[in-house]
Amino acid sequence: MKPILEVKDLSVTFQTFEGKVQALDQVSFDLFPGETLGIVGESGCGKSVTSLSIMRLIPDPPGKVEQGKILLDGKELLSYSPAQMRKVRGNRISMIFQEPMTSLSPVFTVKEQIAEVFRLHQNLSRKEAVRKSIEMLERVNIPDPAKAAGYYPHQMSGGMRQRVMIAMALACKPDILIADEPTTALDVTIQAQVIDQMKALQQEMGMSVLFITHDLGVIAHTAKRVIVMYVGRIFEQASAADLFAEPLHPYTRGLMESIPKTGAKLTGKQGDLQEIKGVVPSLLDLPQGCKFCERCPEKMDICAQKEPELIPVSPERSCRCWLYKKE
Ligand SMILES: Nc1ncnc2c1ncn2[C@@H]1O[C@H](COP(=O)(O)OP(=O)(O)OP(=O)(O)O)[C@@H](O)[C@H]1O
Ligand SMILES: [Mg+2]
């Protein structure tokens, strides 16, 4: 099967007050039709920059795509004009933003905002667009959708707002949905409901999903394949089944150990929950060798000296760690 989206050697920098930071360093991955690919990693590892790059929404300046390719059905998005890109956004690729208020306006009602998507992309009359908006709200399980359609975003709960964002992102039946931390702000029960809803809609529409989160627990329930990122680099790439059966990278293992076990929250006992020691290094001051070596419990001499490549471990799996280098 051919990928619908290919990201190749993508590097993005930001000019900041203190100097230039490399937010993404040669990130490559494919997204296949109909699949859910998870991207996971601690705060600041480049998850949002990856998704914003695909949408061509990196603010330039201070951001700059230094090198790489982003191919949609084999066509280079990075060379598209702003007008071509506007057509791609919404028609082909939709995004649920990490900050709900990035895509929801406080001054328009929910139906006005969803109807706008229908009017822009499908040229519908106002009346028809409103009817379809209410239908969309029903699809994402908003109770009393006709009434809710008349609400302003601030009149809704966080969970409802998130559903509105999903309704808006799916209104034009995109081929690819990028969901950047779509449920982070929600409590666990609502989070599970919203995720189930997204999964059902994905199956119905057959779209591909790039699901971004810092929470491996959420990834386990959503993604077929997973990319683990750290300081702008891919550290491990595997099927979700392989990754959860046997995480290879010490960083991935650290992330796994910090997932609360089922039931732990309910009893209030966090048991053997462990955080990864140390902090993510500043992008302005990265260690010379492996970027994780200062926090790594399995550090070897070479780790501090030379950065490992992403090493293929099996046909479906790769890992950026010297432990897996076979001479
Ligand atoms: N507008 C910007 N200006 C300067 N630096 C930026 C900007 N946006 C991102 N960065 C840099 O890129 C890095 C990656 O940011 P990104 O938003 O992709 O992280 P993330 O993985 O999405 O984190 P989080 O889980 O907190 O959302 C940041 O650490 C920051 O240094
Ligand atoms: Mg982010």
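Okay, so let's go over this structure. (Residues numbered from 1 in each chain as written. Chains lettered and ligands numbered in written order. Predicted model: local features only at pLDDT ≥ 70, side-chain atom pairs only at ≥ 80, totals over all residues. Heavy atoms only, no water.)

### Things to note about helix α4 (residues 110-122)
Here α4 is 13 residues long and its end C-alpha atoms lie 18 Å apart, about the 18 Å a rise of 1.5 Å per residue gives. When α4 is considered as a whole, its buried residues turn out to be Val110, Gln113, Ile114, Ala115, Val117 and Phe118. Note on α4: the residue one or two positions beyond its end, Asn123, has a positive phi of about 55 degrees. (Helix = DSSP H or I, 4+ residues; strand = E, 2+ residues; numbered from the N terminus. Expected span 1.5 Å × (residues − 1). Buried < 20%, exposed > 50% of the residue type's maximum accessible area, 1.4 Å probe, protein only.)

### Focus on the packing of aromatic side chains
Tallied over the entire structure, the rule returns five aromatic pairs. Between the aromatic rings of Tyr230 and Tyr251, the centroid separation amounts to 4.5 Å while the plane-to-plane angle is 50 degrees, which identifies the pairing as tilted. Highlighted residues: Tyr230 in strand β9 (residues 225-230) and Tyr251 in helix α11 (residues 250-257), separated in sequence by 21 residues. On the basis of relative accessibility, which here comes to 0%, the residue Tyr251 falls in the buried class. Ring centres of Tyr230 and Phe292 lie 5.3 Å apart, and the angle between their planes is 90 degrees; this geometry places the pair in the edge-to-face category. With Tyr230 in strand β9 and Phe292 in the loop between α12 (264-267) and α13 (301-305), this pair connects stretches of sequence that are 62 residues apart. Overall, the relative accessible area of 1% leaves Phe292 in the buried class. (Phe/Tyr/Trp six-rings, centres within 6.5 Å; stacked < 30°, edge-to-face > 60°.)

### Observations regarding the sheet that holds strand β11 (residues 311-314)
Hydrogen bonding along the main chain pairs the strands of a sheet, whether they run parallel or antiparallel. One open sheet holds the eight strands; their spatial order is β6-β7-β8-β3-β9-β10-β12-β11, and the pairing between them is mixed. Each edge of the open sheet carries a strand with a single partner, namely β6 (93-96) and β11. Here the average twist between neighbouring strands, direction ignored, is 20 degrees. Note: strand β10 (residues 233-239) against strand β12 (residues 317-319), two bridges, orientation antiparallel. Looking across to β12, one finds that Glu236 is bridged to Cys319. Lying on the sheet, helix α8 (residues 188-205) is in contact with β3 (36-40), β6, β7 (176-180) and β8 (208-213); it crosses β8 at an angle near 160 degrees. (Pairing = 2+ DSSP bridges. Axes fitted to C-alpha atoms, helices over the stretch in contact; angles between N-to-C directions. Contact = heavy atoms within 4.5 Å.)

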